[in-house]
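What follows is each chain in one-letter form.
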Amino acid sequence: MQPDMSTSSLSRRPPFCPHAGCEFHLDPTGWKFHRKGFYHRDRPPRRVQRYRCTHCRRYFSSQTFSITYWLRRPELLEPIFKSLVSCSGFRQIARNHEVSHTTIRRLSDRLGRHCLLFHERQRPHVCPTEPLVLDGFRSFEHSQYWPMDLNLVVGGESLFVYGFNDAELRRSGTMRPAQAVKRGVLERKFGRPDPQATRKRVEELLRRVVPPGGTVVLRTDEHQAYPRAIRRLRDRRFLHEQTSSKVARTPGNPLFAVNLSDLLIRHSSANHKRETIAFSKRRQSALYRLAIWSVWRNYVKDRSENRRRGTPAMGLGIAKRALRTRELLEPRLFPGRVRSLRGWLAECYFGRITTRAIETNVTHSKKYAA
Ligand SMILES: [Zn+2]
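As the structure is a prediction and not an experimental result, all values here were calculated from the model.

Colleague: When you look at the overall build of the chain in this model, what are you seeing that I'm missing?
Modeller: Counting secondary structure elements, the chain contains 11 helices and 8 strands. In terms of C-alpha radius of gyration, the chain reaches 22 Å, essentially the compact-globule figure of 21 Å for 370 residues. Principal-axis analysis of the C-alpha atoms gives the chain an extent of 65 × 45 × 40 Å. The burial tally for the chain puts 55% of its 370 residues in the buried class. In the chain, of all internal contacts separated by at least 6 residues, the share reaching a separation of at least 24 is 62%. About 18800 Å² of surface is accessible on the chain, with carbon and sulfur atoms providing 49% of the total. Between the averaged position of the 72 positive side-chain charges in the chain and that of its 32 negative side-chain charges there is a distance of 5 Å.

Right, here's the structure in full:
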């Protein structure tokens, strides 16, 4: 692991210019800055060093490099991260900390963006050598009329979550006549989900996880969209092994790695509990929470509850020990410095995954906060 700078060095030399447009944002070789006094805060660190970049002439401070940048309640980030992977809803977390639930949602979104970048920096960008298991985790956004799949690719041996994305789905299955009428009304108002969504998103996910020229064993159920997605990825080789979803979900099942992930997501995320009122109102919010869950699953949580086997990241050989939440959170990561942040990943980072049933979807401006 190579963080930009360690937590303890936050007050020391700034590592690069934090402004995305500056020439010294990516490569600080030859970069110069001036110290420009201090400012004082009510909370630690109370005295913050200010700087000015001699090139872009913009100001920043040692706080600019902390994930708590511009937060009024910086001490909440770590407990909120833990609550979000312990099956608490936004309102429950808000009550525990005596803040509004919108504060929790904002912090959850910030943590989600951070985790997307953290995962992207740490994950292997070479072709995985273990079999990959792919599946869609079924949930819904806004109301039961808007189901969605969260597609996951998990390592068959390491249990490492390599990547995920979303696909909106049309409500199907048995409906009462009144429900079918309501679906029609909603679809006329908001449009119908793209019937190709699963094929398109699975293609995007596999393209991201398996680099061109790579060969992998890919295990899935018999979903018809998967072979279609694979056929479009001609510059990669997939040895596709399909297992019926009716086969018992035991450790011997070839899809065990992803079945276990599904179980863990439902067990630890309040928004995906069955029969809950804490369901996701927006797909974007569910994706930020899934990013937090993935980082926790890969770097913090042991592969086994009873026998200590180490984290999935240790199984993959990219970490030597389990990380503590605090170690995941600092330093702040900058989207402009993560080169693989493009396509769907960039859309997700900047909050541009829209929910049909909501007319104004608020997106994230990268100008100020992380
Ligand atoms: Zn600069």
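Colleague: Is there a simple way to think about unusual backbone geometry in this case?
Modeller: Where the residue is not glycine, phi is negative for most of them; where a peptide bond is considered, it is trans in most cases. Cis geometry marks the peptide bond from E330 to P331, where omega comes out at -5 degrees. Tracing the sequence through the fold places P331 in the loop between α10 (325–329) and α11 (343–349). For W70, which is not glycine, the phi dihedral falls at a positive 65 degrees. Note on placement: W70 falls in the loop between β3 (59–61) and α1 (77–84). Of note, the phi angle at E98 is positive, near 55 degrees, even though the residue is not glycine. Residue position: E98 is located in the loop between α2 (90–97) and α3 (101–122).

Colleague: Would you take a moment to explain the packing of α3 against helix α8 (residues 283–299) for this structure?
Modeller: For any two helices packed against each other, one specifies the crossing angle of their axes together with the interaxial distance. In contact at an axis separation of 8 Å, α3 and α8 are set at 50 degrees when each is read in the N-to-C sense. The orientation of α3 with respect to α8, classified from their angle, is oblique. Here α3 and α8 pass one another in a crossing that is left-handed. For the pair α3 and α8, the contacting residues are S108, D109, L111, G112, R113, C115, L116, F118, H119 and Q122 in the first and S285, Y288, R289, A291, I292, V295, N298 and Y299 in the second. Residue classes in the contact of α3 with α8 are distributed as 9 nonpolar, 6 polar and 3 charged.

Colleague: What exactly am I supposed to notice about the confidence of the model for the chain here?
Modeller: Low pLDDT marks regions whose predicted coordinates should not be analysed in detail. Here the chain shows a mean pLDDT of 89. Residues at 70 or above account for 93%. Put simply, helix α7 (residues 256–268) is where the chain has its lowest mean pLDDT, 86, and strand β7 (residues 215–220) is where it has its highest, 98. Segment residues 1–10 is flagged for pLDDT under 50; beyond a separation of four residues in sequence, or across chains, it makes 26 contacts in the model.

Colleague: Mind showing me how you'd approach the coordination of the zinc ion here?
Modeller: Perfect tetrahedral coordination of a metal by four donors corresponds to 109.5 degrees between them, and perfect octahedral coordination by six donors corresponds to 90 or 180 degrees. The protein atoms that coordinate the zinc ion are C17 (SG), C22 (SG), C53 (SG) and C56 (SG), at distances of 2.3 to 2.4 Å. Every donor counted, the 4 donor atoms about the zinc ion form angles of 105 to 114 degrees at the centre, which fits tetrahedral coordination. Mapped onto the sequence, the donors of the zinc ion take the spacing C-x4-C-x30-C-x2-C. In this pair, C17 is assigned in the segment before β1 (33–40) and C56 in the loop between β2 (47–53) and β3, connecting sequence segments 39 residues apart.

Colleague: Quick question: what am I supposed to make of the domain arrangement of the chain here?
Modeller: The domain boundaries assigned to the chain delineate domain 1 (7–65) and domain 2 (93–349). Computed from C-alpha atoms alone, the centre-to-centre distance between domain 1 and domain 2 is 35 Å. Across the interface of domain 1 and domain 2, roughly 740 Å² is buried in total on both sides, 58% from carbon and sulfur atoms. Counting the contacts that link domain 1 with domain 2 gives 0 salt bridges.

Colleague: What's the story with the side chain of N253 in this structure? I'm lost.
Modeller: Within the fold, N253 resides in the loop between β8 (237–242) and α7. Of the polar contacts made by the side chain of N253, one reaches the backbone oxygen of V247; its length is 3.5 Å. If near-sequence neighbours (up to four positions away) are discounted, N253 is found in contact with T243, V247, A248 and N259.

Colleague: Any chance you could explain α3 here in plain terms?
Modeller: The α-helix advances 3.6 residues per turn, and as a result positions three or four apart in sequence lie on the same side. In this model α3 runs 31 Å from its N-terminal to its C-terminal C-alpha over 22 residues, within 8% of the 32 Å that 1.5 Å per residue would give. The element α3 is extensively covered by neighbouring structure, given that 17 of its 22 residues are classed as buried.

Colleague: What is the right way to read the sheet that holds β7 from this model?
Modeller: Backbone-to-backbone hydrogen bonds join strands into a sheet, with any given pair of strands oriented parallel or antiparallel. Pairing is mixed in the open sheet, where 5 strands are placed in the order β6-β5-β4-β7-β8. Each having just a single partner strand, β6 (161–168) and β8 make up the two edges of the open sheet. Taking the axes of each pair of neighbouring strands and ignoring which way they run, one obtains an average angle of 25 degrees across the sheet. Relative to strand β5 (residues 147–155), strand β4 (residues 132–140) runs antiparallel, the two being bridged by 9 bridges. Paired with F137 across the bridge in β5 is L150.

Rules used throughout
- Residues numbered from 1 in each chain as written.
- Predicted model: local features only at pLDDT ≥ 70, side-chain atom pairs only at ≥ 80, totals over all residues.
- Heavy atoms only, no water.
- Helix = DSSP H or I, 4+ residues; strand = E, 2+ residues; numbered from the N terminus.
- Rg over C-alpha atoms; globule rule 2.2 N^0.38 Å.
- Buried < 20%, exposed > 50% of the residue type's maximum accessible area, 1.4 Å probe, protein only.
- Contact = heavy atoms within 4.5 Å.
- Areas by Shrake-Rupley, 256 points an atom, 1.4 Å probe, with all protein chains shown as cover.
- Lys, Arg positive; Asp, Glu negative; His and termini not counted.
- Charge placed at Lys NZ, Arg CZ, Asp CG, Glu CD.
- Axes fitted to C-alpha atoms, helices over the stretch in contact; angles between N-to-C directions.
- Parallel < 35°, antiparallel > 145°, perpendicular 65-115°, else oblique.
- Left-handed = near helix turned anticlockwise from the far one by under 90°.
- Nonpolar A, V, L, I, M, F, W, Y, C, P; charged D, E, K, R; others polar.
- pLDDT = per-residue confidence, 0-100.
- Donors = N, O, S within 2.8 Å, 3.2 Å for Na, K, Ca; no water.
- Tetrahedral: all angles 85-135°; square planar, octahedral: opposite > 155°, others 65-115°.
- Domains from an automatic or database assignment.
- Buried area = accessible area lost by both parts, 1.4 Å probe.
- Salt bridge = Lys/Arg side-chain N within 4 Å of Asp/Glu carboxyl O.
- Polar contact = N/O pair within 3.5 Å; in protein donor to acceptor, adjacent residues only side chain to side chain.
- Expected span 1.5 Å × (residues − 1).
- Pairing = 2+ DSSP bridges.

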